[in-house]
Amino acid sequence: MKKQLWNRRTILRRGGLLALLGSVFGGGGTLATQAAQEHDATSDYFAKFFQKHYLRMTPEELDKAMERIVRQAKRDHGVDIKVSNDPPVEGVLFGMAINISRCKGVRKCVEACMAENNQSRDPSIQYIRVVEMDNGKLDLNNSDHYYEAEQVPRPGKFYLPMQCMQCENPPCVKNCPTKATWKELDGMVVVDYDWCIGCRYCLASCPYWGRRFNWSKPGIPSDEVNPFTHYLGNRPRPKGVAEKCTFCIQRTRKGATTACTAACPTGARIFGNLLDPHSEIRKVLEKKKVFRLKEELGTLPKIWYFFD
Amino acid sequence: MATTLFEFFRACTIQAFKGDRRYYGWMSGWTLLVVLGAIAYSRQLDQGLIVTGMSDQVSWGFYISNFTYLVGVAAAAVMLVLPAYIFHRDDFKAALIVGKSMAVAAVVMCISFVTVDLGRPDLVWHMLPWLGELNFPHSMLAWDVVVLSGYMVLNLLLIFYILFIKFQGREPEVRKYFWAVLLSIIWAISIHTVTAFLFSVNVSRPFWNTAVLAPRFLASAFASGPAFIILVLQAINSLTPLKVGEQVVRLLGMVVTVALQIHLFLIFVELTTDFYFETEHAASIRYLFMGLRGVGNLMIWTWASMLMLLIAVVVLSVHKLREDRFFMNMALVLVMVGIWIEKGMGMVVPGFIPTPAGEIMEYSPSFTELMVTLGIWSLGVLVFTVLIKISIPIWLHHLEMKALMEKSISKGRKKS
């Protein structure tokens, strides 16, 4: 992934060209400078327009990008949010195991996920889809996605939560035409929301239906905005880009567990470090008979399922 | 050289705007539709793709359907180039410029359809090499960007070269540009193969994930594309001074017939493979033909398209009927519409139904989508008309630099 092409000279040259374009679009050099000092929505838009790929930004450029995110949230919601940029920790690879004997289909994980990850409420975006199936067969094609939550668990049925599987070999990353999505060293597949062009090829290529698209500007009530965000995670998203579960990168990189794991009333979800031989998830993988969805595709999901 | 170039483009511009009432009526009609499409698109830009019928479940729809169909039309120009330059059929050379113009117009439409499908069309520069981050060679979409833009440049250069030489009163020498012709033949096949790969490499969608998709794409392209060309050639024969020989239409009719036969055979192969021992991988094709769990919006379209193609293949395969201009034209229209349904909505949309998580969500295009689509097709008609308007008189040496110069000199004399 390392690219030596981006030495200082080319950055300066390209930066210069972009700045020139920027002044043209911004309506003249002096105007653009003035606006940049005031940091209004328009100057932020142009700065964002010319913003580089997350992995190509210098630390200073990244700081400026994060300041823009904070200002935008203030303008949109009147909320002071914090944007972190915690890097992956060495020796950590996150994974999850879901005990489907314990899952009762109450969908508390779905609600907690929406609140934690600043997902659009209108139109509704949910990363987790809990499906209801008949006992006796694991058949997604005959699953019920819209069962009524009040009556669960229903007799003769079992429940299976699905979300982004954080594949070790993710088809969405291979397919993305602009490298706007990639796999982090600690295993999460993330999206640079400012680099995504919204072609939705990743939605088409995901075998788990793990990705969602912002068909309009995300609608979140201002009093429900979670102010603790991560650049690659739950920061507010623009319209027209793809998003997905990131294993709550803003929480897990600080040592906490995911919101869905914390919210599950039956403790069906086990989340942890796959590289730590003493972690609970490693014990589950060693002691239980586990399976993964569509294993034959070779995507190597990092969400396992098991029964008691 | 520079002045010649300047004169060439000046003459082209003047020629594009010169015309009788009928020409102006035709152009303003299509321009009006382009404007209506642009208005619909501005609404989509403002509110987001929520104004379309698409969803997280069916995340590509009418735009990508039309894109896929038009890549085939663009590729079909090869069926005029191939006989002209490889089999040395000189009567095909007159039709060449029509085919090339059609290819350019089709690629313009393709690029427009992909662009309106983007959530962030303002950030399309992220796909540019050097400035952006094109995920080449991993992403099939990156390949598609490369082959489509390359095909457009190649065709524009070929048209420009031939016309520019003719404009100077000379005849272009085949041996000088033969390499470009050869390249454009291979390239035409590649654009459609890559577009098929765009779908068929997705393990997430069993309906697309089949090796027969690329051959099917090519067969249907070589049926629907030349069908288009034959109809356009007849119109050009009666409306313009360019006369394309009867033999050209006949041979192209043969091409449509054989390609359609192969295409229908490949559909039969797919159906047999999917239904002989039906697995869950056949869920999409079942949805397409018979409906799934009580829903099947596409069924009526699928069967209409199958019926059209079957009628067309019978008419075209019987020599007496194909020789009859009326029957042939009717069959060609059926081929065009039938394949537009089958390869557009009938190929793109069922790939998403059911979703990989087993959910069934149906799709139908919204009014905005229909208007934007109409606008882009109209843009294609405009581009094609202008290209044809300019290239026919130059091709026939009716519009030459020498004549223009003499005219302006005599004008100058009159004034003094």
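Our structure's up above, just so we're on the same page.
So, here is what we can say about the structure in this document. Since the model is a prediction, treat every value here as computed from it, not as a measurement.

What to know about the overall build of chain B
Right, on to step 1. Counting its regular elements, chain B contains 16 helices and 0 strands.
Right, on to step 2. On C-alpha atoms alone, chain B measures out to a radius of gyration of 23 Å, which is about the 22 Å that the 2.2 N^0.38 rule sets for 416 residues.
Right, on to step 3. Projected onto its principal axes, the C-alpha coordinates of chain B cover approximately 85 × 55 × 40 Å.
Right, on to step 4. Across the 416 residues in chain B, those meeting the buried criterion constitute 47%.
Right, on to step 5. In chain B, the share of contacts with a sequence separation of at least 24, taken over all contacts with a separation of at least 6, comes to 79%.

Looking at the overall build of chain A
Right, on to step 1. The secondary structure content of chain A amounts to 10 helices and 12 strands.
Right, on to step 2. The buried share of chain A, taken over its 308 residues, is 43%.
Right, on to step 3. Of the contacts formed within chain A by residues at least 6 apart in sequence, a portion of 65% connects residues at least 24 apart.

Observations regarding the interface of chain A and chain B
Right, on to step 1. Taken together, the contact pairs 42 residues of chain A with 38 residues of chain B.
Right, on to step 2. Contributions of two or more residues to the side of chain A that touches chain B are made by strand 3 (129–134), helix 6 (171–175), helix 7 (201–205) and strand 7 (211–213) of chain A.
Right, on to step 3. Among the elements that line the side of chain A that touches chain B, the one with the most residues is helix 7 of chain A, at 4 residues.
Right, on to step 4. Among the residues making up the side of chain A that touches chain B, the classes are represented as 23 nonpolar, 11 polar and 8 charged.

Concerning unusual backbone geometry
Right, on to step 1. A:Asp122 connects to A:Pro123 through a cis peptide bond whose omega is 0°.
Right, on to step 2. Within the secondary structure, A:Pro123 is located in the loop between helix 5 (108–116) and strand 3.
Right, on to step 3. In this chain, B:Ile353 is followed by B:Pro354 through a cis amide linkage whose omega measures -5°.
Right, on to step 4. Among the structural elements, B:Pro354 can be located in the loop between helix 14 (345–348) and helix 15 (367–395).
Right, on to step 5. A positive phi is found at A:Arg107, a non-glycine position, where the angle reads about 65°.
Right, on to step 6. Following the sequence through the fold, A:Arg107 ends up in the loop between strand 2 (94–99) and helix 5.
Right, on to step 7. Accessibility expressed as a C-beta count within 10 Å gives 20 for A:Arg107, which makes it buried.
Right, on to step 8. Positive phi, close to 50°, is recorded for B:His88, a residue that is not glycine.
Right, on to step 9. Mapped onto the secondary structure, B:His88 falls in the loop between helix 4 (78–86) and helix 5 (93–117).
Right, on to step 10. Taking the C-beta count within 10 Å as the criterion, B:His88 has 10 such neighbours and is therefore assigned exposed.

Quick notes on the nonpolar core
Right, on to step 1. Membership of the largest hydrophobic core comes to 196 residues, with the highest contact counts inside it found for B:Ala74 and B:Val335.
Right, on to step 2. Here the element with the most residues in this core is helix 5 of chain B; it accounts for 16 residues.

What counts and what doesn't
- Residues numbered from 1 in each chain as written.
- Chains lettered and ligands numbered in written order.
- Predicted model: local features only at pLDDT ≥ 70, side-chain atom pairs only at ≥ 80, totals over all residues.
- Helix = DSSP H or I, 4+ residues; strand = E, 2+ residues; numbered from the N terminus.
- Rg over C-alpha atoms; globule rule 2.2 N^0.38 Å.
- Buried ≥ 20, exposed ≤ 12 C-beta atoms within 10 Å, placed from the backbone.
- Contact = placed C-beta atoms within 7 Å.
- Nonpolar A, V, L, I, M, F, W, Y, C, P; charged D, E, K, R; others polar.
- Core = buried A, V, L, I, M, F, W, Y, C linked by C-beta atoms within 7 Å.

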